Amino acid sequence: MDRVQVHETTDPELVVADYRLHGRVLATGKQFAFDMVMFARIRDGLITWSRIYSNPLDGAIAFDAAEGLLAAITAAY
């Protein structure tokens, strides 16, 4: 992870952060960099809810699954 940026919101319980994860998939040897966005609700110092979003294409390429992702998207339409 090379940076974490935390964004202020008008809701004191909501934290929004974006960051980039770097790594290498052992099965394929491919390196990856995932741009992530996390939304988390904090109450009494505990995370009570969270969601993390990223671009699915980044992961599909790193895991050699881009063709499968494209086929699934194409079949849905």
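What counts and how
Residues numbered from 1 in each chain as written. Predicted model: local features only at pLDDT ≥ 70, side-chain atom pairs only at ≥ 80, totals over all residues. Heavy atoms only, no water. Helix = DSSP H or I, 4+ residues; strand = E, 2+ residues; numbered from the N terminus. Buried < 20%, exposed > 50% of the residue type's maximum accessible area, 1.4 Å probe, protein only. Polar contact = N/O pair within 3.5 Å; in protein donor to acceptor, adjacent residues only side chain to side chain. Contact = heavy atoms within 4.5 Å. Phe/Tyr/Trp six-rings, centres within 6.5 Å; stacked < 30°, edge-to-face > 60°.

Observations concerning the side chain of Asp-18
In step 1: Here Asp-18 shows up in strand β2 (residues 14–24).
In step 2: Relative accessible area serves as the criterion here: at 16%, Asp-18 is assigned to the buried category.
In step 3: Within the structure, the side chain of Asp-18 is placed 2.4 Å from the side chain of His-7, a separation counted as a polar contact.
In step 4: Setting aside chain neighbours within four positions, we find Asp-18 in contact with Arg-3, Val-4, Gln-5, His-7, Met-36 and Val-37.

Structural notes on the environment of Phe-63
In step 1: Considering the arrangement of structural elements, one finds Phe-63 in the loop between α1 (56–62) and α2 (66–76).
In step 2: For Phe-63, a relative accessible area of 51% puts it in the exposed group.
In step 3: Separated by 38 residues in the primary sequence, Phe-63 and Val-25 place their C-alpha atoms 6.8 Å from one another.

Overview of the packing of aromatic side chains
In step 1: Per the counting criterion, the structure on display carries 2 aromatic pairs.
In step 2: On the basis of an interplanar angle of 75 degrees and a centroid distance of 6.0 Å, the ring pair of Phe-39 and Tyr-53 is categorised as edge-to-face. In this pair, Phe-39 is assigned in strand β3 (residues 31–43) and Tyr-53 in strand β4 (residues 46–54), connecting sequence segments 14 residues apart.
In step 3: Accessibility expressed as a relative area gives 48% for Tyr-53, which makes it partly exposed.

So, to be careful, I would describe these as geometric facts and stop short of saying anything about function.
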